[in-house]
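Structural features, examined
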Amino acid sequence: MKKALAVIGILIVIYATFATVDCVRLKTAPKGTKPIITVSETETENREKYTGLGYSVCYYTDKSSGEAENIYGAEFRLFDEFLIWGWVE
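Structural notes, computed from the coordinates. (Residues numbered from 1 in each chain as written. Predicted model: local features only at pLDDT ≥ 70, side-chain atom pairs only at ≥ 80, totals over all residues. Heavy atoms only, no water.)

The next point concerns the side chain of T51. By secondary structure assignment, the location of T51 is in strand β2 (residues 47–51). Ignoring anything within four residues of it in the chain, the contact list for T51 reads I37, T38, V39, S40 and S56. (Helix = DSSP H or I, 4+ residues; strand = E, 2+ residues; numbered from the N terminus. Contact = heavy atoms within 4.5 Å.)

See the structure below:
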């Protein structure tokens, strides 16, 4: 039983480290950067959402016809519930 708990604890620490590293990387990377492991992508008229392993990053875009895409906001959510960071210009 102790070995199983130790393995689960180690896996939780590894996941938390991975999610923290990707969170910091996405916050400091150029606008529109995808997670290291992207599970799914969803694109609408004004939003691009990339889902990673237990977290997601959304970029809010302004896609005017004939103009380049402008990203004016982003947010990083853990389990699609908890907002870790976000910004809007």
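Side chains that carry opposite charge are capable of pairing whenever their charged atoms lie near each other. One pass over the full model with this rule turns up 5 salt bridges. R25 is the partner of D22 in a salt bridge, and the nearest nitrogen-oxygen pair spans 2.9 Å. Of the two residues, D22 and R25 both sit in helix α1 (residues 2–28), 3 residues apart, roughly one turn of that helix. On the basis of relative accessibility, which here comes to 0%, the residue D22 falls in the buried class. The salt bridge partner of K49 is D80, with a shortest N-O separation of 3.4 Å. One end of the pair, K49, is in strand β2; the other, D80, is in the loop between β4 (70–78) and β5 (82–88), and 31 residues separate them in sequence. With relative accessibility at 38%, the residue D80 sits in the partly exposed group. (Salt bridge = Lys/Arg side-chain N within 4 Å of Asp/Glu carboxyl O. Buried < 20%, exposed > 50% of the residue type's maximum accessible area, 1.4 Å probe, protein only.)

We now examine the packing of aromatic side chains. As enumerated under the stated definition, the model contains 4 aromatic pairs in all. Measuring from ring centre to ring centre gives 6.3 Å for F18 and Y55, while their planes differ by 50 degrees; the resulting arrangement is tilted. Placement of F18 in helix α1 and of Y55 in strand β3 (residues 55–62) is noted, with a sequence separation of 37 residues between them. Judged by its relative accessible area of 22%, F18 falls in the partly exposed class. (Phe/Tyr/Trp six-rings, centres within 6.5 Å; stacked < 30°, edge-to-face > 60°.)

If you trace the 5 strands from one edge of the open sheet to the other, you get β1-β2-β3-β4-β5, paired in antiparallel fashion. The open sheet terminates on both sides in strands that have one partner only, identified here as β1 (40–43) and β5. Strand-to-strand twist of the sheet, defined as the mean angle between neighbouring strand axes without regard to direction, takes the value 15 degrees. Bridge count for β4 against β5 is 6 bridges, and the pairing is antiparallel. Paired with G73 across the strands is V88, a residue of β5. (Pairing = 2+ DSSP bridges. Axes fitted to C-alpha atoms, helices over the stretch in contact; angles between N-to-C directions.)

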